[in-house]
2 protein chains.
Amino acid sequence: MKETAQILREKGLKVTPQRIAVYNMLLNTIEHPNAETIYKALEPTNPTMSLATVYKTLDYFKQLGLVQELNVGEGSSRYDAVVKCHPHTVCMQCGKVQDLYLDELTEIHKKVEEELDFEVNCEQLILYGICGKCRNKNKEG
Amino acid sequence: MKETAQILREKGLKVTPQRIAVYNMLLNTIEHPNAETIYKALEPTNPTMSLATVYKTLDYFKQLGLVQELNVGEGSSRYDAVVKCHPHTVCMQCGKVQDLYLDELTEIHKKVEEELDFEVNCEQLILYGICGKCRNKNKEG
DNA sequence: TATTAAATAAAAATAGTTATCGATTAGGGG
DNA sequence: CCCCTAATCGATAACTATTTTTATTTAATA
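Residues numbered from 1 in each chain as written. Chains lettered and ligands numbered in written order. Predicted model: local features only at pLDDT ≥ 70, side-chain atom pairs only at ≥ 80, totals over all residues. Heavy atoms only, no water.

A.B. asks: Honestly, the side chain of B:His88 in this entry has me stumped. Any pointers?
C.D. replies: Relative to the assigned elements, B:His88 resides in strand E3 (residues 88-91). The residues contacting B:His88, other than those within four sequence positions of it, are B:His32, B:Leu70, B:Asp80, B:Val97, B:Gln98, B:Asp99, B:Leu100, B:Leu125, B:Ile126 and B:Leu127. (Helix = DSSP H or I, 4+ residues; strand = E, 2+ residues; numbered from the N terminus. Contact = heavy atoms within 4.5 Å.)

A.B. asks: Can you help me understand the packing of aromatic side chains in this one?
C.D. replies: In this description, an aromatic ring pair is defined by two values, namely the gap between the centres and the angle between the planes. Residues and elements named next belong to chain A. Here the structure, examined in full by the defined rule, presents 2 aromatic pairs over all chains. An angle of 80 degrees between the planes, with centres 5.6 Å apart, marks the rings of Tyr23 and Phe61 as edge-to-face. One end of the pair, Tyr23, is in helix H2 (residues 17-27); the other, Phe61, is in helix H4 (residues 51-63), and 38 residues separate them in sequence. Its relative accessible area of 7% is what places Tyr23 among the buried residues. (Phe/Tyr/Trp six-rings, centres within 6.5 Å; stacked < 30°, edge-to-face > 60°. Buried < 20%, exposed > 50% of the residue type's maximum accessible area, 1.4 Å probe, protein only.)

A.B. asks: Even after reading the chapter, I still don't get the layout of surface pockets, so can you show me in this structure?
C.D. replies: Taking a probe equal in size to a water molecule and rolling it over the atoms shows the remaining empty space. Taken as a whole, the largest pocket encloses approximately 1100 Å³ of empty space. Lining the largest pocket are 41 residues, with A:Asn71, A:Gln124, B:Asn71, B:Gly73 and B:Gln124 positioned closest to its centre. Put simply, the parts of the chain that give the lining of the largest pocket at least two residues each are strand E1 (68-70) and strand E5 (118-131) of chain A together with strand E1 (68-70), E3 and strand E5 (118-131) of chain B. Residues of the lining of the largest pocket, tallied by class, amount to 15 nonpolar, 19 polar and 7 charged. (1 Å grid on protein atoms, 1.4 Å probe; cavity = no way out; pocket = protein on both sides within 12 Å on 5 of 7 lines; lining within 4 Å. Points joined across faces, edges and corners; volume = space filled by probe spheres on them. Nonpolar A, V, L, I, M, F, W, Y, C, P; charged D, E, K, R; others polar.)

This is the structure we're talking about:
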């Protein structure tokens with residue numbers, strides 16, 4: 001595993017324990033935590049960490065392309081260390097957000113660029129629905 | 001044009017001038033205004049109108065399926081009287097939000113339902129990029 | 001027109017995020 | 001390896017979008 005410290009340094013960021021903690025946490029999860037969740041997860045092991053620092057750190061990371069911000073319509077933003085654009089599913093019952101990979105989107109990009117006069121830079125596809133787990137739970141109940 | 005008052009009444013809403021004003025405004029625009037924009041647009045002709053009422057009205061409308069809420073990653077939500085799910089383009093330069101219609105999405109729905117265990121209810125596709133107008137402006141500059 | 005439940009305006013509260021600022025610390029030069 | 005300086009940190013205040021509260025007004029119906 002490549003050193004987080006080095007990645008940060010390459011991006012021109014001063015390396016601090018707080019930044020390493022935030023970045024590592026995002027690397028090691030497939031959940032898509034928001035700032036508050038990240039803060040609560042790190043607080044026990046990093047008692048010297050404030051919510052404001054988490055926000056500021058995420059903002060730096062976002063601008064340097066280290067993380068991706070994701071808004072699925074909740075009050076707050078979620079963050080993803082996978083920075084390549086990719087679709088997500090959002091379960092409207094349990095709120096779980098999952099990654100998704102679909103080749104069909106490149107076709108759509110091409111179509112929009114050609115037919116409309118719009119240069120697509122990045123896309124965000126969110127599929128809202130009910131995940132299998134919740135569907136099963138509903139049948140039982 | 002069908003009476004707005006009647007539409008509201010059919011949905012079980014009490015008909016008030018404020019609600020008529022908000023709904024008509026959304027019907028007559030292809031912009032995707034947020035609550036603040038709606039309020040500012042209506043204020044001159046409806047001096048007796050508050051921002052809180054706009055928010056509450058939009059919330060009622062949303063729950064009754066009269067409008068669709070759209071979050072393109074700004075601080076606030078935008079609203080659309082076209083309630084059928086449809087993709088949007090967002091120009092990252094001028095901020096303009098435009099509607100888009102793509103048949104390819106039904107294929108994607110089907111694929112996700114079959115291959116993953118996820119029941120798709122509604123989708124939101126946002127294509128971020130630069131619109132033709134801004135691209136031309138950039139060339140000139 | 002009287003009744004009544006619902007809607008309104010204004011203000012206060014709340015949630016998420018950002019800005020401020022003095023204290024602290026990372027990292028290059030010596 | 002230590003010192004210096006600029007960058008970053010944490011705490012808290014401020015800010016923005018939205019929701020709730022409350023007292024008042026209004027629409028719908030009898």
